[in-house]
Amino acid sequence: MLSCILRLVVHVNDFRIPKISSARHTFARSFGSVPAPRCAPPPNTTVDPSMHAERKAHRARINNLLLAADRLLESKHAHTIQSYIMDKISAHKFYNSYRWVAFARLIRFSLSRQLFSMAIVLYDRLVNEGFAPPSSIRATMIAIKLADSSEDPQDAVEPLTQVFADESYDTAAFMHLFYFMLSVKKAPIPLVDNLTRIYTTTRKIKLCPCPDLIGEVVRINTQAGRLDAAQCWLRDFEESCQSEDVGMDASPYAVLMHTLMRIDPRNTPALQAILEKMKAAGIPPNISIFNTLIWVNVKQGRFREAFELYHVLVAQRSEQLVPSDVTFKILLRAVRLLNQKRRPMRLPNVIEPRQIFREMLECHLLQTGGQPLGRSSSLSASALQMALRTFIARRDYLGAFVVVRLLDTFGFSADLQSYRIVLAHLLSRIRREAKSARRPGEYRLADFLMHLRPDERIDLSGMTSRMQDGQPADQPLTQEPMSTNLQPLPGLLNSEGSSRDVVSHILKLSEPDRRSDEDLLDVAPSIVLHSSVQARRHRRMYVPTMSVLCGDDTPPINNRCSPIPLARLLQKVFLGNLWASSPSFNPRWHTLVQRVVGDAKKSMVPLMDVADFAKAAKSRKHLDRKPGLPFTLSRKRRSARAGWEIEFVGDDGVSEGKSSHPRGGRGNGQ
């Protein structure tokens, strides 16, 4: 049955790509994932330089506050977010002419993160201090406060109907109420469905410009087993698109497919029926549908079909259909699952991780017009971390080195998890090598690392003689029995003093106090670097310590770490692994290393424009149009148009992805 689905998608040329209405107002656009149209510039007015500098300083202060709050949500101290924000916005710490704007931005931030309790408190303070809230925030918060004050959600329906009649109450405002009713009030699904129907009827909303709203209603009805209600919404959506003579968006169908597959991944007849219906209606499949189909095949162990679907996607790639970061994370996960089998499968259409990584960067550059620092749906921090995890698991340390070295180029930074991934793997490998029997004349990576001094210049030719003379750089490993299971780093660093000694020595090999990267292999492309990247490369960034990595000390809220020490460690591990494979190096081993590194750069780094000062101005002009905060492509996306965040739970006991559903646990901001 799954082969039938594959044939349906293979003949994607049978779909026509209709013109989508450009005037639609979607949930993704409301949250900023779609750039807003640029308005005409205001007439030139004289601005006091001192006032301009003061306003700029206040804006930067709020930007930093929002960035810190966003990172706090990703830490174990997320429950303190409300008290943290209230303290920072207190009158004695932040009382100036920019206070009204600060309240408005914080309320929007709270709503976008579904911190409804904090949004209510901020809104009350905004009103009590005599500020007039923006019309969009006022309409949104009135509806949420009405629902919050009702003990029975049914009692709020009549007053909410009057709020819906307000012209300033749009679909984005209703979506906030939609998630509030689900996550905070725990309203029954029929009630939320009825409330959505009342909103669309009261405002005479045309459903064709609201595919995200339809998709969310379809999702909750499908999860509740109300398939008839979900089909009714889809029919109304189709009729609205036909009456308005606009092409139907595939997002609601992608939501339906994804929800059905989460309920039962083997329900392939349902997939076939949906694809047949889309084909009959002339609806082209979007990236979410491809991601769902690829994910279903991976979950069922049909790796050949999964990669075949990806090849079809690449062949049909266009401005409307580009692989997302979720696509590449699924493929990287599939490669890891293939390698975990006792007898790794050798399939002719399987793509190697290095090629997957290169194609991910190519899709990113395609969407950003060749600008590495631009934002796209094909590249994300979680996708880069998945690539690092995949290369480490395959012991491709050079590939992992390339990933870390390109973080700066594409506007990312390392974090604590990046360091923990590498250190946990190295400690686990050293333990296994210490426990296993040694063959005559065998050399191992552990021998290289434990006989290497942190600040010395590596000489592979002299390492063998040093080992034969017994000159370790640190205390030798104990031969006591150790667990070989790869666990999180704090779990590995238990009471065994030898484990801490090993990790401490490995951290020293990264030379954390060395800020320069001149000793690192050249794998980054020669391009025009934006001033922010140049400043970040020369700025002293945080380097995690032993106590922070072990969980003994709390990391700072800004847990962005310098990638240079991690790259230096991976470079030494790569050289050590190369040495262990053939310890009898000749004095010209540098030539071999240069050739291997050149091949890796060619296979992983796409071609970019070389340094050209004539293009530098255009590059800066493009980058200046980017929003100031990295919230437009959040890892907590809910829009089907942006692609689903696939969650692999139960495959190996580790959740590699993030769910795309709303975070109910943080609905109250507690």
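Criteria and thresholds
Residues numbered from 1 in each chain as written. Predicted model: local features only at pLDDT ≥ 70, side-chain atom pairs only at ≥ 80, totals over all residues. Heavy atoms only, no water. Helix = DSSP H or I, 4+ residues; strand = E, 2+ residues; numbered from the N terminus. Buried < 20%, exposed > 50% of the residue type's maximum accessible area, 1.4 Å probe, protein only. Contact = heavy atoms within 4.5 Å. Areas by Shrake-Rupley, 256 points an atom, 1.4 Å probe, with all protein chains shown as cover. Phe/Tyr/Trp six-rings, centres within 6.5 Å; stacked < 30°, edge-to-face > 60°. Salt bridge = Lys/Arg side-chain N within 4 Å of Asp/Glu carboxyl O. Polar contact = N/O pair within 3.5 Å; in protein donor to acceptor, adjacent residues only side chain to side chain. Core = buried A, V, L, I, M, F, W, Y, C linked by side-chain atoms within 4.5 Å. Axes fitted to C-alpha atoms, helices over the stretch in contact; angles between N-to-C directions. Parallel < 35°, antiparallel > 145°, perpendicular 65-115°, else oblique. Left-handed = near helix turned anticlockwise from the far one by under 90°. Disulfide = S-S within 2.5 Å. Expected span 1.5 Å × (residues − 1). Nonpolar A, V, L, I, M, F, W, Y, C, P; charged D, E, K, R; others polar. pLDDT = per-residue confidence, 0-100.

Trainee: I tried to follow the overall build of the chain on my own but got confused; where do I start?
Mentor: Assigned secondary structure in the chain consists of 30 helices and zero strands. In the chain, which comprises 670 residues, the proportion classed as buried is 52%. Considering only contacts in the chain between residues 6 or more positions apart, those separated by 24 or more positions represent 75%. Of the accessible surface of the chain, which amounts to about 31100 Å², a share of 50% is contributed by carbon and sulfur atoms.

Trainee: Would you mind showing me how to read the packing of aromatic side chains here?
Mentor: To describe a pair of aromatic rings, one takes the distance between the centres and the angle between the planes. Per the stated rule, a full pass over the model turns up 13 aromatic pairs. Here phenylalanine 116 and phenylalanine 180 contribute two aromatic rings whose centre-to-centre distance is 5.3 Å and whose plane-to-plane angle is 80°, an arrangement assigned as edge-to-face. Taken together, the residues span a long stretch of sequence, with phenylalanine 116 in helix H6 (residues 116–128) and phenylalanine 180 in helix H9 (residues 171–183) at a distance of 64 residues. Phenylalanine 180 matches phenylalanine 116 in its accessibility class, with the two residues each being buried. These aromatic residues form a ring-pair network of at least three members: Phe164, Tyr169, Phe174, Phe178, Tyr179 and Tyr199.

Trainee: Would you mind showing me how to read the pattern of salt bridges here?
Mentor: It is possible for side chains bearing opposite charge to pair when their charged atoms get close. If you walk through the whole model with that rule in mind, you get 20 salt bridges. Residues arginine 138 and aspartate 166 are paired through a salt bridge, measuring 3.5 Å at the closest nitrogen-oxygen approach. Of this pair, arginine 138 sits in helix H7 (residues 135–149) while aspartate 166 sits in the loop between helix H8 (157–164) and H9, and the two are 28 residues apart along the sequence. A residue is classified by how much of its surface remains accessible, and arginine 138, at 28% relative accessible area, is partly exposed.

Trainee: Can you help me understand the side chain of glutamine 300 in this one?
Mentor: As for its placement among the helices and strands, glutamine 300 is situated in the loop between helix H15 (287–299) and helix H16 (303–315). By relative accessible area, which is 16% here, glutamine 300 ends up buried. A polar contact of 2.6 Å, which involves the side chain of glutamine 300, links it to the backbone oxygen of proline 265. Of the polar contacts made by the side chain of glutamine 300, one reaches the side chain of arginine 302; its length is 3.3 Å.

Trainee: Before we go on, may I ask you to explain the nonpolar core in this structure?
Mentor: Considering soluble globular proteins, one finds that nonpolar side chains tend to be buried as a cluster. In terms of nonpolar packing, the biggest core is built from 185 residues, with Tyr169, Leu177 and Phe357 touching the most fellow members. By residue number, the principal contributor to this core is helix H28 (residues 563–581), which donates eleven residues. Ignoring any residue separated from it by four or fewer positions in sequence, one finds phenylalanine 357 in contact with Leu384, Ala387, Phe391, Val403, Leu406 and Met604.

Trainee: Sorry, what's going on with unusual backbone geometry here?
Mentor: Glycine aside, residues mostly have negative phi, and peptide bonds are mostly found in the trans state. A positive phi is found at glutamine 114, a non-glycine position, where the angle reads about 60°. Along the chain, glutamine 114 turns up in the loop between helix H5 (99–112) and H6. Even without being glycine, lysine 186 reaches a positive phi, approximately 55°. The topology assignment puts lysine 186 in the loop between H9 and helix H10 (189–202). By relative accessible area, lysine 186 is classed as exposed at 58%.

Trainee: Help me out: how do you make sense of the environment of threonine 409 in this one?
Mentor: Within the secondary structure, threonine 409 sits in the loop between helix H20 (397–405) and helix H21 (416–435). Classification of threonine 409 by relative accessible area gives buried; the value is 2%.

Trainee: How should I be thinking about the side chain of threonine 292 in this particular structure?
Mentor: Secondary-structure assignment places threonine 292 in helix H15. When its relative accessible area of 0% is taken as the criterion, threonine 292 is described as buried. A distance of 2.9 Å separates a polar atom in the side chain of threonine 292 from the backbone oxygen of serine 288.

Trainee: What should I look at first to understand helix H4 (residues 81–88) in this one?
Mentor: For an α-helix, the turn length of 3.6 residues means that residues three or four places apart are oriented alike. Residues Ile81, Tyr84, Ile85 and Met86 constitute the buried set of H4. On its buried side, H4 packs onto helix H3 (49–73), H5 and H6.

Trainee: Hey, could you run me through the packing of H9 against H10 in this one?
Mentor: Any two packed helices are characterised by how steeply their axes cross, that is the angle between the axes, and by the distance between the axes. As a packed pair, H9 and H10 sit with axes 10 Å apart at the nearest point and diverge in direction by 165°. One way to sum up the angle between H9 and H10 is to call them roughly antiparallel. Seen from above, H9 lies across H10 with right-handed handedness. Contact residues: H9 offers Thr171, Phe174, Leu177, Phe178, Met181 and Leu182, while H10 offers Ile189, Leu191, Val192, Leu195, Thr196 and Tyr199.

Trainee: Help me understand the state of the cysteines, please; the structure alone is not making it clear to me.
Mentor: The bond known as a disulfide is covalent and runs between the sulfur atoms of two cysteines. Applying the stated criterion across every chain yields a total of zero disulfides. The thiol sulfur of cysteine 210 is not disulfide-bonded, and the nearest other cysteine sulfur, from cysteine 208, lies at 7.7 Å.

Trainee: Would you explain H7 in this entry?
Mentor: Taking 1.5 Å of rise per residue, the 15 residues of H7 would be expected to cover 21 Å, and the 21 Å separating its terminal C-alpha atoms lies within 8% of that figure. Inspection of H7 places Ile137, Ala139, Thr140, Met141, Ala143, Ile144 and Ala147 among the buried residues, and these make up the whole buried set. In this structure, the buried residues of H7 make contact with H5, H6, H8 and H9.

Trainee: How should I be thinking about the environment of glutamate 456 in this particular structure?
Mentor: With respect to the secondary-structure elements, glutamate 456 resides in the loop between helix H22 (445–450) and helix H23 (460–469). In the structure, glutamate 456 is positioned 53 residues away from leucine 509 in sequence and 9.4 Å away in space, judged by C-alpha atoms. Polar contacts involving the side chain of glutamate 456 include one to the main-chain amide nitrogen of arginine 453, which spans 2.8 Å.

Trainee: When you look at the packing of H21 against H28 in this model, what are you seeing that I'm missing?
Mentor: Relative orientation of the contacting elements H21 and H28 amounts to 30°, with a least axis distance of 11 Å. Between H21 and H28, the crossing angle belongs to the class labelled roughly parallel. As for the relative orientation of H21 and H28, their crossing is left-handed in sense. Note on element contacts: H28 touches H21 through Pro565, Leu566, Leu569, Leu570, Val573 and Asn577, opposite Ser418, Tyr419, Val422, Leu423, Leu426 and Arg429. Taken together, the residues of the contact of H21 with H28 break down into nine nonpolar, two polar and one charged.

Trainee: Explain the confidence of the model for the chain here, please?
Mentor: Counting all residues, the mean pLDDT for the chain is 77, and 75% of those residues have values of 70 or more. A low-confidence stretch, residues 10–42 (pLDDT under 50), is modelled with 58 contacts involving residues beyond four sequence positions or located in other chains. Here residues 474–497 is modelled with pLDDT under 50, and outside its nearest four sequence neighbours on either side it reaches 47 contacts, counting other chains as well.

Trainee: Explanation requested: the environment of threonine 259 in the structure shown.
Mentor: Structurally, threonine 259 is set in helix H13 (residues 251–263). Classification of threonine 259 as buried rests on a relative accessible area of 2%. Residues threonine 259 and threonine 222 lie 37 residues apart in sequence; the distance between their C-alpha atoms is 7.0 Å. Those residues in contact with threonine 259 that sit more than four places away from it in its chain are Arg219, Thr222 and Gln223.

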